[in-house]
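Inside the fold
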Amino acid sequence: MSDDILQMRGITKTFPGVKALQDVNLTVARAEIHAICGENGAGKSTLMKVLSGVYPYGDYEGEIYFDGELCKFNSIRASEQRGIVIIHQELALNPLLSIAENIFVGNELSQRGFIDWNKTNAEAARLMARVGLTENPTTRIADIGVGKQQLVEIAKALSKEVKLLILDEPTSALNDADSEHLLNLLRQLKEQGITSIMISHKLNEIAEIADSTTVIRDGRTIETLDMKRDEVTEDRIIRGMVGRDLEHRFPEHTPTIGEEIIRIEDWTVHHPIQHERVVVDHASLNVRRGEIVGLAGLMGAGRTELAMSVFGRAYGADISGRVIKDGKELRLHTVPDAIAAGIAYATEDRKRYGLNLIETIKQNISVAALGKVSRRGWVNDNEETKVAQDSRVSMNIKAPSVLALAGKLSGGNQQKVVLSKWIFADPDVLILDEPTRGIDVGAKYEIYTIINRLADAGKAVLFISSELPELLGMCDRIYAMSAGRITGVVPREQATQESLMQLMTKVKD
């Protein structure tokens, strides 16, 4: 038996007007963890969709050999029958069904046309034990966190006797503990003879877990690195991804900080359903003109809840405290109130809340300030197009035209559309919640440059991030939160990852 479980040769995939893959080659050894890296839009996910039958044979050029045999998959089911299972970044689980039902949906355990629920739940429990899930198999997906949902997807793959498991950005929405558990699980599966392909932007995780790494750039294979022999560093991978060295991952910036624009005082927010639970506890902070202020905290610290509740009470119940802008207290009861007051919030979940994925770039950019391109209730299409085209050029949004659908863009370009929307609304205060999540290093640098440009224009920026190096590289001051409370603020020149982590884990006195 060959040491290679997979060979993809000369894979070329074309969409109307775009060659997404061009003569791509990929070889994966049996029972290894193989990482695939590349910028957003490089072709990583497209290549995996070719492999898994999402794009069927005949829809691409090239050959796929799996277990030494030429394969011509015409559907996802066909690839799964050979033992290839893909877990997409957007999990394909039904939140209203149980864990067991999700594991066996489409592959039901039945007798004489009826589902055998005892067998289904027992087999689900066995598979759940393999991935470290201790929940009852009858628990609804809606009642477990994202980290455990990832494990359900892997249990589902194991039920299909998986030989090659493909994971697309598996840890992008997970906290550190859940990410580490998932990586350990991949190591265990490797010991059991299961091969994994992992697409990820988290280069530290790739360096930690991958045996080999293939770099793809602009739809072409650049190189495959042996992570053990080649002394591969993160900078080495980045050089292959972007075609150049990123000596400085953050652009040079000298701030010009002016007077205070916004102050949040004694801000308290309760959970919208469990009203007795305090999620933001008497938090106070301020941001000045031209200043980028960071907000650090572990998962559940209350950062997003603070941001959303300030943004027109988009989250929470029993909210108290004061928001003072330009010396005047604001009464922000709705999102339109916040926008009218010059406050913008770029959500951490751009696909669900930040964009309308089935609308065009043009419509997404204008939506927060339609009045600026409207007359007597009618949108001026020419003016709307000009605004979008100007944004496309100034923000370097890579798309065929402003009529391209937002859902068809890469993550980095989607984020640029989100920022374009709020820049067009011309706020004084921008709250950016995880603005580079799921974005490659090259696109991150562009986003950082845009944020610096906004600060230089006199905007006040509140920058929420789970990546401490990002906060240290971008922010002039950094607040830390723990259990809903602001536990300290550190100026940039005094901040370190260690000092921030101490504040982020500080317990209530």
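Summarised in this report is the structure supplied together with it.

Reading the values: rules and limits
- Residues numbered from 1 in each chain as written.
- Predicted model: local features only at pLDDT ≥ 70, side-chain atom pairs only at ≥ 80, totals over all residues.
- Heavy atoms only, no water.
- Pairing = 2+ DSSP bridges.
- Helix = DSSP H or I, 4+ residues; strand = E, 2+ residues; numbered from the N terminus.
- Contact = heavy atoms within 4.5 Å.
- Axes fitted to C-alpha atoms, helices over the stretch in contact; angles between N-to-C directions.
- Parallel < 35°, antiparallel > 145°, perpendicular 65-115°, else oblique.
- Left-handed = near helix turned anticlockwise from the far one by under 90°.
- Buried < 20%, exposed > 50% of the residue type's maximum accessible area, 1.4 Å probe, protein only.
- Polar contact = N/O pair within 3.5 Å; in protein donor to acceptor, adjacent residues only side chain to side chain.
- Nonpolar A, V, L, I, M, F, W, Y, C, P; charged D, E, K, R; others polar.
- Phe/Tyr/Trp six-rings, centres within 6.5 Å; stacked < 30°, edge-to-face > 60°.
- Lys NZ or Arg CZ within 6 Å of the ring centre and 35° of its normal.
- Salt bridge = Lys/Arg side-chain N within 4 Å of Asp/Glu carboxyl O.

A closer look at the sheet that holds strand β16 (residues 317-325)
Strands sit in the order β14-β13-β16-β17 across an open sheet of four strands; the sheet is antiparallel. Only two strands of the sheet have a single neighbouring strand rather than two, namely β14 (278-288) and β17 (328-329). Relative to β14, strand β13 (residues 260-270) runs antiparallel, the two being bridged by seven bridges. Its bridge partner lying in β14, I262 is registered against V287. In this fold helix α9 (residues 303-310) packs onto β13, β14 and β16, with an angle of close to 110° to the strand it touches most, β13.

A few points about the sheet that holds strand β12 (residues 220-226)
The strand order β6-β9-β10-β3-β11-β12 describes an open sheet built from six strands, whose pairing is mixed. The open sheet has two edge strands, β6 (84-87) and β12, and neither has a second partner. Taking the axes of each pair of neighbouring strands and ignoring which way they run, one obtains an average angle of 20° across the sheet. Inspection of the sheet shows β6 paired to strand β9 (residues 164-168) by four bridges, in the parallel sense. Considered in β9, the bridge of I86 is made with I166.

Section: the pairing of strand β1 (residues 4-15)
In the sheet, β1 pairs with strand β2 (residues 18-29) via eight bridges, with the strands oriented antiparallel. Paired with I11 across the bridge in β2 is V24. With five bridges joining them, β1 and strand β4 (residues 61-66) adopt antiparallel strand pairing. Residue pairing for β4: L6 is matched across the bridge by F66.

Concerning unusual backbone geometry
Most peptide bonds are trans, and most residues other than glycine sit at a negative phi. Phi angles above zero are rare outside glycine, and D266 is one such case at about 55°. Residue position: D266 is located in strand β13.

Comments concerning the packing of helix α5 (residues 146-159) against helix α6 (residues 176-191)
Across the interface, α5 lies against α6 with an axial gap of 9 Å and an inter-helix angle of 15°. One way to sum up the angle between α5 and α6 is to call them roughly parallel. In terms of crossing hand, the pair formed by α5 and α6 is right-handed. Every residue of α6 that contacts α5 at G147, L151, I154 and L158 is listed here: D178, H181, L182, L185 and L189.

Describing α9
Of all eight residues making up α9, six are buried, and the element is well covered by its neighbours. Of all the positions in α9, only R303, T304, L306, A307, S309 and V310 are classed as buried. Where α9 ends, the next residue or the one after it, G312, has phi of about 65°, a positive value.

Things to note about the side chain of S374
With respect to the helices and strands, the residue S374 is situated in strand β19 (residues 374-375). Look at S374 and you get buried, because its relative accessible area is 16%. In this structure the side chain of S374 is engaged in a polar contact, spanning 2.6 Å, whose partner is the backbone oxygen of L370. With sequence-adjacent residues up to four places away left out, S374 is seen in contact with V379 and N380.

Overview of the packing of helix α14 (residues 411-425) against helix α15 (residues 441-456)
Relative to each other, α14 and α15 sit at 10°, their axes nearing to 10 Å. Put simply, α14 runs roughly parallel to α15. Contacts between α14 and α15 pair G412, Q415, K416, L419 and I423 from the former with A443, E446, I447, I450 and L454 from the latter. Partitioning the contact of α14 with α15 into residue classes produces six nonpolar, two polar and two charged.

Comments concerning the side chain of S200
With respect to the helices and strands, S200 occurs in the loop between β10 (195-199) and α7 (203-209). In this structure the side chain of S200 is engaged in a polar contact, spanning 2.9 Å, whose partner is the backbone nitrogen of K202. Once residues lying within four places of it in the same chain are set aside, the contact partners of S200 are I36, C37, E169, E205 and I206.

Here we look at the packing of aromatic side chains
Overall, the coordinates contain five aromatic pairs when judged by the stated rule. Ring geometry for F15 and Y55: centres 5.6 Å apart, planes at 70°, overall edge-to-face. With a gap of 40 residues between them, F15 in strand β1 and Y55 in the loop between α1 (44-51) and β4 connect regions that are remote in the sequence. Look at F311 and W422: their rings are 5.9 Å apart centre to centre, the planes differ by 90°, and that puts the pair in the edge-to-face class. Of this pair, F311 sits in the loop between α9 and β16 while W422 sits in helix α14, and the two are 111 residues apart along the sequence. Here F311 matches W422 in class, with each residue buried. Among the aromatic residues, ring-to-ring pairing joins F311, Y345 and W422 into one connected group. Against the face of Y65 rests R9, its NZ or CZ located 4.3 Å from the ring centre. Above the face of the F424 ring, K372 is positioned so that its terminal group lies 4.6 Å from the ring centre.

Re the pattern of salt bridges
Applying the stated criterion to the full structure yields 30 salt bridges. Across the pair D67 and R30 runs a salt bridge whose closest N-O atoms are separated by 2.9 Å. Placement of D67 in the loop between β4 and β5 (69-71) and of R30 in the loop between β2 and β3 (33-37) is noted, with a sequence separation of 37 residues between them. For D67, a relative accessible area of 24% translates into the label partly exposed. Of the residues examined, R30 reaches a relative accessible area of 25% and is grouped as partly exposed. E265 serves as the salt-bridge partner of R322, at 2.9 Å between the closest nitrogen and oxygen. Residue R322 is located in strand β16, and its partner E265 is located in strand β13; the two are separated by 57 residues in the primary sequence. Among the residues examined, R322 registers a relative accessible area of 36% and is labelled partly exposed. The structure contains a network of salt bridges with shared partners spanning E265, R322, E329 and R331.

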